Amino acid sequence: MRRQLGLHLPIWEQYLLYMSRILQGDFGYTIRGNQPVLELLLTRLPNTLYLATASLVIAMAIGLTLGFIAAYKRGTWIDTTLMVTAIMGVSLPHFWLGLLLLFLFSVQLAWLPVGGQGFGSLILPAVTLGLTNAAIIARLTRSSMIDVLNQDFVRTARAKGLPKAIVLFRHALRAGMVPVVTMLGLQFTYMMGGAIVVENVFGWNGLGRMAIQAIFQRDYPLIQGFILIFAILVVTVSLIVDLLYALLDPRIRYR
Amino acid sequence: MHSPAAIETTSAPRSRRTWLSRWPFVAAVFANRGAAIGFVLVVVLVVAALLAPYIAPFEPTRMGAGPRLAAPSLAHPFGTDEFGRDILSRVIHGSRLTLQIGLIAVGISLTAGLLIGLTAAYAGGWLERILMRGVDVIFSFTETLIALAAVAVLGPSLTNAMIAVGIAAIPFYARVTYGVTLVERNKPYFEAAVAAGAAHARLLFIHLLPNIIPPLIVVATLGVSTAVLAAAALSFLGLGAQPPSPEWGAMLASGREFISRAPWLMVFPGLAIALSVLAFNLLGDGIREALDPRQRKA
């Protein structure tokens, strides 16, 4: 066992060995079952990505719309109600909201399955994760749009007689989206973190569920592999977001 | 030490509570209704934690205090769990753990983050580069992942969960401190102090520290809510507080088995978590707006 895990080597040699194997695509074997770690992780990865993507779509659809409305109607009761709802949404623990939704829709109404891996089983976890993140996006969109709506170019566009809708959607929306998109990268990583918890609430077979089981079983090669894969995902997403950023804001150019 | 921004707000809210006008900053915070509600909730939480043994009707771990899985009633307002323990008593005692988690975790991340950020911004040069690039690297791992990794190494327990959550947030506090310190050290008062020949210790502790504390208080207040949420999540996953403990996340975890028979097992601990997190969010938002009256970053 010691020899198999390379524990007889000094720590820096263990590290070098581990890293050189990683670069060759060898993540080692799990302690329990002796399965290849990378293969195991890759079979679970799509499930986590489905969940995170579906949540992101839900969060953006709700968050952007409500944040935009709140900014447009700022200072009115609509704005206040939306923002009070948003701060409550930010404070809701994922796992609690998940349990409540599970109780309501799966146990009481029996509309959706408890657990399972089909499309129907994806709805509740995605909504759970999406709703809490929608609150964050709504708050951000609102403050960003309020900033933009107060700027000179918006006033100029209105003053030269452009209809309100065109100014709002073509001029203001695009400028207002820049900080929101920057935040989306962080949002996505935050969502991946939330996915770990939500997967465990609903029994969704993603990376997060496997990671928690691995921690309980003290399956260190699997935990290490999980952390590495997760980190790679996060960095990739940040890179994509940085590139998107340049697309939205012509003032930024990467040479 | 008030920042100029805080003093400007003094005249704005004409509060009837005149004694408050002695402390303009506090008045500005309380003029915000959300912050006032948040403050009241925090006070309730603190009182519940301090007086838990006196106000809780039963011992939190006493089994058979009532019938098993009894629905909420006069004798047990929040119902009882699968061992006949009184949920209300457990929720009240849980407030002690929650406050403890929040304070210890934030204490760890604030202290370490402050040291790293302040050192990096003050020292500059290679030390700055090493420290801040290191922080950047760790920051990109996201807090949940760092906390999970820390628990995986340390093993599941409430203490380790606090440490894990504390460690996970260090990069965030380091970045905030670094940013604020960079701004402060370019201000005339600091340059004047350097020109007057102040020693390093004096520059750091008498000049810089008092000016970087106010923004950090905001971050720390909001940080308590994040820490409470993260620690509750760890306990819920079974990686934090372990079963007999009346920690709210752990209560939810054991209550989920009885979701169809005894939904009150998951309603009240969850509500307690949500309200505590909301309290610190509201308070933190209020303090931030009072510090920055333009409310741009709402």
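Draft legend 1. Structural detail: the overall build of chain B. The helix and strand tally for chain B stands at eleven helices and zero strands. Its helices and strands in sequence order give chain B the pattern α-α-α-α-α-α-α-α-α-α-α, from N to C terminus. Sorting the 298 residues of chain B into buried and exposed places 52% on the buried side. Long-range contacts, defined here as pairs at least 24 residues apart, represent 69% of the contacts in chain B between residues at least 6 apart. A total of about 13,900 Å² of accessible surface is found on chain B, and carbon and sulfur atoms cover 68% of it.

Draft legend 2. Highlighting the pattern of salt bridges. In the structure shown here, the tally under the stated rule is five salt bridges over all chains. With a shortest N-O distance of 3.1 Å, Asp-285 of chain B and Arg-139 of chain A are connected by a salt bridge. With Asp-285 of chain B in helix 11 (residues 264-291) and Arg-139 of chain A in helix 5 (residues 119-149), this residue pair bridges two chains. Assigned by exposure class, Asp-285 of chain B and Arg-139 of chain A land together as buried. Across the pair Glu-184 of chain B and Lys-187 of chain B runs a salt bridge whose closest N-O atoms are separated by 3.2 Å. The partly exposed category is assigned to Lys-187 of chain B, whose relative accessible area is 34%. Connected through shared salt-bridge partners, Arg-133, Asp-136 and Arg-175 of chain B make up one network.

Draft legend 3. Looking closely at empty space enclosed by the protein. Residue and element names in this part refer to chain B. Counted by the stated rule, this structure contains five cavities of 30 Å³ or more. As a volume, the largest cavity reaches approximately 60 Å³. Around the largest cavity, the lining residues are Asp-81, Glu-82, Arg-85, Ile-87, Arg-90, Met-251, Ser-254, Gly-255 and Leu-265. Contributions of two or more residues to the lining of the largest cavity are made by helix 4 (87-123) and helix 10 (248-255). When residues in the lining of the largest cavity are grouped by element, the largest group, three residues, is from helix 10. Of the residues in the lining of the largest cavity, the class split is three nonpolar, two polar and four charged.

Draft legend 4. The arrangement of the interface of chain A and chain B in detail. Across the boundary between the two partners, chain A contributes 35 residues, which contact 36 residues of chain B. In terms of surface lost to chain B, no three residues of chain A exceed Phe-95, Trp-96 and Leu-99 of chain A, which account for 19% of the buried area on that side. Counting across the interface, chain A meets chain B through one salt bridge. Put simply, chain A and chain B have three residue pairs in polar contact (both at pLDDT 80 or more) between them. At the level of secondary structure, the elements contributing two or more residues to the side of chain A that touches chain B comprise helix 3 (77-91), helix 4 (94-108), helix 5, helix 7 (164-202), helix 8 (207-216) and helix 9 (220-248) of chain A. The element best represented in the side of chain A that touches chain B is helix 9 of chain A, accounting for eight residues. When grouped by side-chain class, the residues that make up the side of chain A that touches chain B number 26 nonpolar, five polar and four charged.

Draft legend 5. Inspection of the nonpolar core at higher detail. Of all hydrophobic cores here, the largest spans 117 residues; its most connected members are Phe-95 and Phe-226 of chain A. In terms of residue count, helix 11 of chain B provides more of this core than any other element does, 14 residues in total. Here Phe-95 of chain A is in contact with Val-197 and Val-201 of chain A together with Leu-229, Ala-232, Ala-233, Phe-236, Leu-252 and Ile-273 of chain B, once residues within four sequence places are set aside. In terms of nonpolar packing, the next biggest core, distinct from the first, is built from twelve residues, Leu-114, Val-180, Phe-190 and Leu-204 of chain B among them.

Draft legend 6. Up close: the packing of helix 9 (residues 200-236) of chain B against helix 11 of chain B. Residue and element names in this part refer to chain B. At a minimum axis distance of 9 Å, the contact between helix 9 and helix 11 shows a crossing angle of 165°. Taken together, the axes of helix 9 and helix 11 are roughly antiparallel relative to one another. Read as a crossing pair, helix 9 and helix 11 show a hand that is left-handed. In this structure, helix 9 uses Pro-214, Pro-215, Val-218, Thr-221, Leu-222, Val-224, Ser-225, Val-228, Leu-229 and Ala-232 to contact helix 11, whose residues at the interface are Ile-273, Val-277, Phe-280, Asn-281, Leu-283, Gly-284, Asp-285, Ile-287, Arg-288 and Leu-291. Residue composition of the contact of helix 9 with helix 11, by class: 14 nonpolar, four polar and two charged.

Conventions we followed
- Residues numbered from 1 in each chain as written.
- Chains lettered and ligands numbered in written order.
- Predicted model: local features only at pLDDT ≥ 70, side-chain atom pairs only at ≥ 80, totals over all residues.
- Heavy atoms only, no water.
- Helix = DSSP H or I, 4+ residues; strand = E, 2+ residues; numbered from the N terminus.
- Buried < 20%, exposed > 50% of the residue type's maximum accessible area, 1.4 Å probe, protein only.
- Contact = heavy atoms within 4.5 Å.
- Areas by Shrake-Rupley, 256 points an atom, 1.4 Å probe, with all protein chains shown as cover.
- Salt bridge = Lys/Arg side-chain N within 4 Å of Asp/Glu carboxyl O.
- 1 Å grid on protein atoms, 1.4 Å probe; cavity = no way out; pocket = protein on both sides within 12 Å on 5 of 7 lines; lining within 4 Å.
- Points joined across faces, edges and corners; volume = space filled by probe spheres on them.
- Nonpolar A, V, L, I, M, F, W, Y, C, P; charged D, E, K, R; others polar.
- Buried area = accessible area lost by both parts, 1.4 Å probe.
- Polar contact = N/O pair within 3.5 Å; in protein donor to acceptor, adjacent residues only side chain to side chain.
- Core = buried A, V, L, I, M, F, W, Y, C linked by side-chain atoms within 4.5 Å.
- Axes fitted to C-alpha atoms, helices over the stretch in contact; angles between N-to-C directions.
- Parallel < 35°, antiparallel > 145°, perpendicular 65-115°, else oblique.
- Left-handed = near helix turned anticlockwise from the far one by under 90°.

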